[in-house]
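# Coordinate inspection notes
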Amino acid sequence: MMLETTIAAIRPADEAAMAAARELHGRLTKPAGSLGALEELSVRLAGLAGACPPPLPEPAAVAIFAGDHGVHAQGVSPWPQEVTAQMIGNFLAGGAVVNAFARQAGASVTVVDVGVATPLPTDPAVADAAGLDPAVLDPAVPRLVVASVRRGTRDLAVTAALTRDEALAAVQTGIRIADELIDAGAGILLTGDMGIGNTTPAAALIAAFTGVDALDATGRGTGVDDPTYAHKVAVVRAALARHIPDPTDPLGVLAAVGGLEHAALAGLILGAAARRTPVLLDGVIAVSAALAAAAFAPDAVSAMVAGHRSAEPGATVALRHLGLDPLIDLGLRLGEGTGALLALPVVTGAVRVLHEVATFDSAGVAEK
Ligand SMILES: O=C(O)c1ccc[n+]([C@@H]2O[C@H](COP(=O)([O-])O)[C@@H](O)[C@H]2O)c1
Ligand SMILES: Cc1cc2nc[nH]c2cc1C
């Protein structure tokens, strides 16, 4: 689907299905409210599906969008830019943390190059591990999709990171990947990202969409020291002053201070919402993209589940703005989709209760 059609297809949650889920919870063999946040989560998923119970969120598919960032030249990350491409090699070889967690969860991994600056690894071992043409949802074989818009963004400290057309192309790629995964049978999408330097555009997006100060939106990313952190905040502040991004123009914001993976993730989220399929958000890059998706289509929030609370302070700012409570809070700050994968069993459990738990009536258990 194209962006405009996708936005037009996103509808509010189904109130009747939500009411049915709340009513069912009241009849299940457990004290009312005893499953805490899982109860409201299952109600939200019923509203998204327009059915009670909603379908089990299976199979799960992680989409890792990878890109590089011109702002890396400002010294905002301690890591060399080549690590983005090298980690793609690691994802395809199955050796990254995301692969370990995806195997545990039985989730497929799709890596999408939307704008990596350096050449992807051509090591034949990696190519072999990737397979020639792995099935779209094969949990055993990571898949690479090359959809590069440009080899990294421009430096947002100097000029707009992207043109509107480039940002749109990345958003469209995200929508296409969502459609492809859902067409292949995915019952839930999980966001993943890889991009050295990408916490700087994430911070700028969060400040632009929520209006908080650059200091509150910016974190230490992969782990910068105090002087580098102060410099990173100054870079974000100066970029906002230079571009004055308009939060009611999400494509303009993504183009001015975003990244190709942020734009593609916004597209993935919109694509999932249009197909009434839940999208489990990972860390700060995902939630910055979710702000863009919500600016395109406020009802897209109904499809979002916040997997975890990243250690990046901007993630908490973004989650509050979206009105989402994260399922787990473990101080993770890796990205790749790792936090979303750890939260996946919580989401499945929330839905499984509505499918499998007996009612007081059917089980012959006395009510209070
Ligand atoms: O997911 C998060 O919240 C998160 C927090 C900090 C860092 N990361 C990952 O680290 C990389 C960006 O960090 P940096 O310091 O280079 O901006 C990128 O590959 C992200 O996936 C991810
Ligand atoms: C090694 C490494 C792995 C990552 N995974 C996601 N972001 C990352 C950043 C680095 C530096």
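Within each chain, residue numbers correspond to sequence positions counted from 1 in written order. Chain letters and ligand numbers both follow the written order, the letters beginning at A and the numbers at 1. A pLDDT threshold of at least 70 governs which residues receive local features in this predicted model, and a stricter bar of 80 or more applies before side-chain atom pairs are shown or counted, although totals over entire chains, interfaces and linings include all residues.

Which entries qualify depends on this criterion: UniProt positions are given in the numbering used here, feature names are shortened, and annotations may be inferred rather than shown by experiment.
The chain is annotated in an unreviewed UniProt entry as Nicotinate-nucleotide--dimethylbenzimidazole phosphoribosyltransferase from Micromonospora vinacea. The annotation that UniProt attaches to the chain under Catalytic activity (unreviewed entry) is "5,6-dimethylbenzimidazole + nicotinate beta-D-ribonucleotide = alpha-ribazole 5'-phosphate + nicotinate + H(+)". What UniProt records for the chain under Sequence similarities (unreviewed entry) is the sentence "Belongs to the CobT family."

### A closer look at the sheet that holds strand E6 (residues 304-306)
By way of backbone hydrogen bonds, the strands of a sheet pair with one another, either parallel or antiparallel. The criterion, for reference: If DSSP finds at least two bridges between two strands, the strands pair. Runs of H or I in DSSP of at least four residues are treated as helices and runs of E of at least two as strands, each being numbered from the N terminus. Axis definition: a line fitted to C-alpha atoms, limited for helices to the stretch in contact. Angles are taken between N-to-C directions and run from 0 to 180 degrees.
The sheet built from six strands is open, its strands ordered E3-E2-E1-E4-E5-E6 with parallel pairing. Each edge of the open sheet carries a strand with a single partner, namely strand E3 (143-146) and E6. Taken over all neighbouring pairs, the strand axes of this sheet differ in orientation by 25° on average, direction set aside. Direction of pairing for strand E5 (residues 279-281) relative to E6: parallel, over a ladder of three bridges. By the bridge assignment for E6, Leu 281 is matched with Ala 306.

### Quick notes on the site of ligand 1
Condition: A residue counts as near a molecule or strand when its C-beta atom, positioned from the backbone, falls within 6 Å of it. When residues are grouped by polarity, Ala, Val, Leu, Ile, Met, Phe, Trp, Tyr, Cys and Pro land in nonpolar, Asp, Glu, Lys and Arg in charged, and all others, Gly among them, in polar.
Taken together, 23 residues lie around ligand 1, and Ser 77, Gly 221, Gly 283, Ser 310 and Gly 335 are the ones closest in. Of all the secondary structure elements, the ones that give two or more residues to the shell around ligand 1 are strand E4 (188-194), helix H8 (199-210) and helix H13 (284-296). Tallied by class, the residues present in the shell around ligand 1 amount to seven nonpolar, eleven polar and five charged.

### Considering the packing of helix H12 (residues 260-274) against H13
Our working definition: Here the angle decides the label: under 35 degrees means roughly parallel, over 145 means roughly antiparallel, 65 to 115 means roughly perpendicular, and every other value means oblique. Put simply, a crossing is left-handed when the front helix is turned counterclockwise from the back one by less than a right angle, and right-handed when it is turned clockwise. Each residue is represented by a C-beta atom placed from its backbone, and any two residues with such atoms within 7 Å are regarded as in contact.
One can describe the packing of H12 onto H13 by two numbers: an axis separation of 8 Å at closest approach and a directional angle of 60°. Of the possible angle classes, the one that applies to H12 and H13 is oblique. In this structure, the crossing between H12 and H13 has a hand that is right-handed. Residue-level contacts link Glu 261, His 262, Leu 265, Ala 266, Ile 269 and Leu 270 of H12 to Ile 285, Ala 286, Ser 288, Ala 289, Ala 290, Ala 292, Ala 293 and Phe 296 of H13. Each residue belonging to the contact of H12 with H13 can be placed in one class, and the counts come to eleven nonpolar, two polar and one charged.

### Quick word on the UniProt feature "active site" (unreviewed entry) in the chain
Under the present numbering, the feature "active site" (unreviewed entry) in UniProt falls on Glu 336. For Glu 336, the location among the structural elements is in the loop between helix H14 (313-322) and helix H15 (338-356). Setting aside residues no more than four positions away along its own chain, Glu 336 makes contact with Ile 64, Ala 96, Val 97, Val 98, Gly 192 and Met 194.

### Some remarks on the pairing of strand E2 (residues 108-115)
We count it as follows: To sort residues by burial, count the other C-beta atoms lying within 10 Å of each one's C-beta; a count of 20 or more means buried, 12 or fewer means exposed, and anything in between means partly exposed. C-beta atoms are built from the backbone.
Across the eight residues of E2, eight count as buried, placing the element largely inside the fold. As defined by bridge partners, strand E1 (residues 60-67) adjoins E2 across seven bridges and the pair is classed as parallel. Bridging across to E2, Val 62 finds its partner in Val 109. As judged from the four bridges shared by E2 and E3, these two strands associate in the parallel manner. Looking at the pairing, Val 112 lines up with Val 145 of E3.

### Details of the packing of helix H3 (residues 37-49) against H15
Contact pair H3 / H15: the axes reach a minimum separation of 9 Å and the direction vectors enclose 75°. Here H3 lies roughly perpendicular to H15, going by the angle between them. In this structure, H3 contributes Leu 38, Leu 41, Ser 42 and Leu 45 to the contact, and H15 contributes Val 347, Gly 349, Ala 350, Val 351, Val 353 and Leu 354. Its residues assigned to classes, the contact of H3 with H15 comprises eight nonpolar, two polar and no charged.

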